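# Breakdown of the fold
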Amino acid sequence: MDLGVRWKIHGDGRSPAPGAVVRPDERLSWPRTVGLGAQHVVAMFGASFVAPVLMGLDPNLAIMMSGVATVVFLLATRGRIPSYLGCSLSFVGVAAVIRAQGGSSATVTGAVFVVGAALFLVGLAVQRFGARIIHAAMPPIVTGAVVMLIGFNLAPVTASTYWPQDQWTALLVMLFTGLAVVCLRGFWSRIAIFLGLVFGYGISWAFDRIFGKIHSVDASGKLTDHWRLDLSGVSKADWIGLPHLHGPSFEWSAILVALPVVIALVAENAGHVKAVGEMTGDPLDDRLGTAISADGIGSMLSTAVGGPPNTTYSENIGVMAATRVYSTAAYWAAAGFALLFGLCPKFGAVVAAIPGGVLGGITVILYGMIGLLGAQIWTNARVDLRNPLNLVPAAAGIIIGVGNVTMKFTDTFSLSGIALGTVVVITGYHALRAFAPAHLKQQEPLLDEGTSRYDDAKS
């Protein structure tokens, strides 16, 4: 069985010729391949170690399991789809809601484990029936609205938790990160979030030296005098050691909050497969179902031991586009680096020490960008918001999701925020479509036009 772990040397192994592309089944010399792997690790760092911190999970375990998930993905797709599976930011809002309801880390990972299982089943269905089942259930108006409400639902977390810890640091970090995203070019723009965090560390350290302790709420919400940057845990941490593991706990209320994120993950995977296929010139539509299932398996493995879920990373697509090196060997190297970082508790202590004000400045931009990905889905699919069939369910669902509206059914069961907003968008759209006049039922563009050839191949 070909598992995609054999690579041909590209050219002389040193550097591609002008205009040449290093294909997934090729590689450069091992030192250069390892260097490219390190570059992929840096690209994924910005979001991958922020996500577990925002979810209240162990960043060491998160990085280590991202390496494991990447290996699983490469083996499942047999080396045809170069991709790194980093920690998914789509679940940050879900984790915040579950914890606000009294849930623990085990409750969070249990709910997300179920989402990984659902994603795996969606992938199997796509392999069997084709991508048309995705488009039928989740047309672009639905997908965009759900992604948007997931992102914007996070706004209160920034406003009430992170920003008040140090408003001036948050403001400076927000401005610096915004400038980095807009003004930097190439690879540096891809790690703008990471650069913003480094800047925030430096500013927090300088403010502690200049102004002393700050009088504000700390991470627990208590009003105290405290240092902005507390690195006491770093000196106590070991250089080598296993991260903390814990099993998942399953609660229906948490699972219902998390399940809507499946829609966002399907959209991310479809877009990733299409982008990689276009860059490499290799039609990958027949691997869409496999990619979705592999993502689901990776998330299940991670959450089963207490880590966060994973998803394909667009940051690493940017690295490939810049270098024109699509070798999966580089991703194997990146996965190896991630495993090593996961075994260094001191690294995790540095990540866990990120000041709240720094996270405030970062999340103002990051959460908004997540939400606006929904608008991008609408734009790419040319969704007509003048059509009330599109406008009404999206408008209602987004307001419910962003405003955390609650619908109480019994004393022990209720739906709110992300879960309720998603239900309203999906059921509202299909119910209205059943009764809408014919002139409003125009053919919806596909979620991802690149999957249409996959449908043809299956029919």
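For the structure, see preceding data.
Reference entry: report on the structure contained in this document. (Residues numbered from 1 in each chain as written. Predicted model: local features only at pLDDT ≥ 70, side-chain atom pairs only at ≥ 80, totals over all residues. Heavy atoms only, no water.)

## Points about the environment of A20
Threshold: The secondary structure listing takes helices from DSSP runs of H or I that are at least 4 residues long and strands from runs of E that are at least 2 residues long, numbered from the N terminus. In this scheme, a residue with accessible area under 20% of its type's maximum is buried, one over 50% is exposed, and one in between is partly exposed, where area comes from a 1.4 Å probe on protein chains only. Any two residues whose heavy atoms approach within 4.5 Å at even a single point are treated as in contact.
Its place among the elements puts A20 in the loop between β1 (8-9) and β2 (26-27). You can call A20 partly exposed: its relative accessible area is 23%. Expressed as a C-alpha distance, the spacing of A20 and H10, which sit 10 residues apart in the sequence, is 9.7 Å. When sequence neighbours within four positions are dropped, the list of residues in contact with A20 reads H10 and R324.

## Focus: helix α8 (residues 155-162)
Quick reminder: α-helices carry 3.6 residues per turn. Residues three or four places apart thus point the same way. What counts, and what does not: The directions considered for the arc run from the helix axis to the C-beta atoms.
Listing the buried residues of α8 in full gives V157, T158 and Y162. For α8, the buried positions fall inside an angular range of 95 degrees around the axis, keeping them on one side. Facing away from the buried surface of α8 by more than 90 degrees, the exposed residues are A159 and S160. Considering only its buried residues, α8 is in contact with α2 (50-55), α4 (92-100) and α19 (356-380).

## A closer look at the nonpolar core
Rule in force here: In these notes, a set of buried Ala, Val, Leu, Ile, Met, Phe, Trp, Tyr and Cys residues joined through side-chain atoms within 4.5 Å is what counts as a nonpolar core.
Residues Y367 and W378 are the most contacted members of the largest nonpolar core, which totals 98 residues. With 10 residues, the top contributor of residues to this core is helix α14 (residues 261-280). With sequence-adjacent residues up to four places away left out, Y367 is seen in contact with L54, V92, G151, F152, L154, V157, T158 and Y162. Core analysis: the next-biggest nonpolar cluster, separate from the first, contains five residues, V22, L28, V325 and A330 among them.

## Considerations on the environment of L61
Locating L61 in the fold gives a position in helix α3 (residues 59-76). Residue L61 is classed as buried on the basis of its relative accessible area of 0%. With 280 residues separating them in the primary sequence, L61 and F341 have C-alpha atoms 9.1 Å apart. Sequence-distant contacts of L61, that is, excluding residues within four places in its chain, are made with P243, H244, L245, V305, G306 and G307.

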